[in-house]
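The primary structure of each chain is shown beneath.
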Amino acid sequence: MTRIHIKELHPHINSEVTLAGWVDVHRDHGKLIFIDLRDVSGKVQMVALPFNKEAHEQAGTLRNEWVIEIRGKVNKRPEKMRNDKEPNGDIEIELLEVTVLNESKTPPFEINSDTSQVDENLRLKYRYLDLRSERMQHNIKLRSEFVHIAREYLRNQNFIEIETPLLTATTPEGSRDFVVPSRLNRGKFYALPQSPQQYKQLLMTAGFERYMQLARCIRDEDLRADRGFEFTQIDLEMSFVTPDDVMRMVEDMMIHTVEKMGFTIRQKPFPRITYKEVMEKYGTDKFDMRTDEEKERRVLAYAWVIEFPFFEKTDTGAWTFTHNPFSMPIPEHVDMLLKGESVANILTTQYDLVCNGYESAGGSIRAHRRDILEATYRIMGYTKEQTEKSVGHILEAFELGTPPHGGIALGVERNIMNLTGETALREVQAFPMTRGGQTAVMENAPGELTTEQLLELGISIIKQKPT
Ligand code: ASP
């Protein structure tokens, strides 16, 4: 008999089925042995009755987390034994035959309850067990659904999905790069992408007009609850667009996606608020507009923030970009940028989508002309030579028919945190890092290289810490 999934049991009432999965709970009452079976689709209670001698004996040997296949009869539970809260609370499997596919040692923590209170290092060392828990299964499946619906939406809007390199040159996104040594070019290093920013702009030069990618971004940042070294963006870029075109595209995609998933949005169309107003009203640009009652109902309160200052001062008093050096200023301020005048007042075309206190997405219309990007770098204190070295390739592309363009990136994890109500990034990633930057399960990363590897790469390690 072919195996079916637990969520498909109802049409099989009064007939025999084959199921496979994990022992979630095992309760031995002597005569009656109850076993809750779990698979990817749900749980069901099974019972071994004493007159079914062989199955009863086999059931008695089972322990939590053993992997089993069973043959059983789907019975309707007597009225008073029904549990309306469970999808399978009205049925029960009468065990006819049990096959053990794999035994399991006692797991280091309980999987059949919420694992959020379990020690983080233990959870991550055994992440594959943690992921087996109901909450983690829910979070990861919800993430998959969100990404799937959004991607399908964009595909229907004629976006072309294009992968960009992971081994690349540094792109300024305001963080440190992770670097990768080159064996072929000893002493030289690639950078892992902080985002595909420059490549997606070059894809506009290449004439694709609408690009999208589920892009992995890697940034060497201080680890916090809502920040990891790696995260995923739904990354977009569009040619011949205004800020409004990009904002509307993302807004429609979000509304379509989250409403399809059953969530409620507080206000449509999303309100648009200037950075100045937001700071006066909330004191932060990642604000939460929900009432307590809306928080309880997990309503999604989206809003756009616009008209950010383009530049801010660093500790050393130099100007740096607030969001993205590749942005275009608002049309009225292009002249100020080109002349480098009243820098503090230049506003960028940046638009950020905020939801429930988190940044959900951020993007801008880009500079597509050499003089504009050069002016941005000049304001940031770059000489002509330094600018050329840093972004010469893209300046060159701007002189070879780059169309006006703009885009946005939507942080997958931040959005899933909002949808699940989780407050830590690691609750919505399958294999996140520990707070100490150690990889989950594979505890040997980051690890040391062998002398042979170092020699091949032409690297010698300096042990002392920089002062
Ligand atoms: N590259 C930007 C980021 O990673 C997003 C964008 O402007 O498209 O934040």
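Look up: the structure comes first, before these words.
The notes below deal with the structure included here. Note that residues are indexed from 1 along each chain, following the sequence as it is written. Selection of residues for local features in this predicted model requires a pLDDT of at least 70, selection of side-chain atom pairs for listing and counting requires 80 or more, and totals for whole chains, interfaces and linings are taken over all residues. Computation of side-chain values covers all heavy atoms of the structure but excludes hydrogens and water.

What to know about the packing of helix H10 (residues 370-379) against helix H11 (residues 384-398)
Contact geometry of H10 with H11 gives a least axis separation of 10 Å together with a crossing angle of 155 degrees. Judged by the inter-axis angle, H10 sits roughly antiparallel to H11. Where H10 crosses over H11, the two elements pack in a sense that is right-handed. Mapping the contact onto sequence places Arg-370, Leu-373, Glu-374 and Tyr-377 in H10 and Lys-384, Thr-387, Glu-388, Ser-390, Val-391, Ile-394, Leu-395, Glu-396 and Phe-398 in H11. In this classification, the charged set is Asp, Glu, Lys and Arg, the nonpolar set is Ala, Val, Leu, Ile, Met, Phe, Trp, Tyr, Cys and Pro, and all remaining amino acids, among them Gly, are polar. Each residue belonging to the contact of H10 with H11 can be placed in one class, and the counts come to six nonpolar, two polar and five charged. To obtain each axis, a line is fitted to C-alpha atoms, and for helices this fit is confined to the stretch in contact; angles are then taken between N-to-C directions over 0 to 180 degrees. Secondary structure counts use DSSP, requiring at least four H or I residues in a row for a helix and at least two E residues in a row for a strand, with both numbered from the N terminus. In these notes the angle categories are as follows: under 35 degrees is roughly parallel, over 145 is roughly antiparallel, 65 to 115 is roughly perpendicular, and the rest is oblique. Note: crossing handedness is left-handed where the near helix turns anticlockwise from the far helix by less than a right angle, and right-handed where it turns clockwise. We call two residues in contact when some of their heavy atoms are within 4.5 Å.

So, the sheet that holds strand E16 (residues 358-365)
Any two strands are treated as partners once DSSP identifies two or more bridges connecting them. A sheet is described by the order of its strands in space; here eight strands give the open sequence E6-E9-E10-E17-E16-E15-E12-E11, paired in mixed fashion. Strands with a single pairing partner mark the edges of an open sheet, and in this sheet they are strand E6 (160-161) and strand E11 (272-274). In this structure, E16 lies alongside strand E17 (residues 405-411), joined through five bridges in antiparallel fashion. Across the sheet, residue Gly-363 finds its bridge partner in E17, namely Ile-408. Across the sheet, helix H5 (residues 197-205) touches strand E9 (210-218), strand E10 (230-239) and E17, and the angle it forms with E10 is around 25 degrees. In the packing of helix H6 (residues 243-260) onto the sheet, the strands contacted are E9, E10, E11, strand E12 (302-306), strand E15 (351-355), E16 and E17, and the crossing angle to E17 comes to about 30 degrees.

Concerning the site of the ligand
If even one non-hydrogen atom of a residue comes within 4 Å of a molecule or strand, that residue is called near it. Lining the immediate environment of the ligand, one finds Glu-173, Ser-195, Gln-197, Lys-200, Arg-219, Gln-233, Asn-324, Gly-362, Gly-363, Arg-366, Ile-408 and Ala-409. Here a polar contact is taken to be a pair of N or O atoms separated by no more than 3.5 Å, where protein atoms must pair a possible hydrogen donor with a possible acceptor and residues adjacent in sequence count only if both atoms sit in side chains. The contact in question runs from a nitrogen atom of the ligand to an N or O atom on the side chain of Ser-195, over 3.2 Å. Here an oxygen atom of the ligand sits 2.8 Å away from a polar atom, N or O, in the side chain of Arg-366. With the chains in place, 87% of the 270 Å² that the ligand exposes on its own is no longer accessible. Elements with a contribution of two residues or more to the shell around the ligand: H5, E16 and E17. A breakdown of the residues in the shell around the ligand according to their chemical character gives two nonpolar, six polar and four charged. Accessible surface area values rest on a Shrake-Rupley calculation with a 1.4 Å probe, where residue burial reflects the displayed protein chains alone.

Regarding the packing of aromatic side chains
Between the rings of Phe, Tyr and Trp (Trp by its six-membered ring), a pair exists once the centres lie within 6.5 Å; its type follows the angle of the planes, with under 30 degrees stacked, over 60 edge-to-face, and the other angles tilted. A full pass over the atoms with the stated rule returns eight aromatic pairs. An angle of 85 degrees between the planes, with centres 6.2 Å apart, marks the rings of Trp-304 and Tyr-351 as edge-to-face. Separated by 47 residues along the polypeptide, Trp-304 in strand E12 and Tyr-351 in strand E15 bring together distant segments of the chain. Exposure is judged per residue with a 1.4 Å probe applied to protein chains only, and the accessible area is read against the type maximum: over 50% gives exposed, under 20% gives buried, and values in between give partly exposed. Looking at Tyr-351, the relative accessible area reads 0%, which means it is buried.

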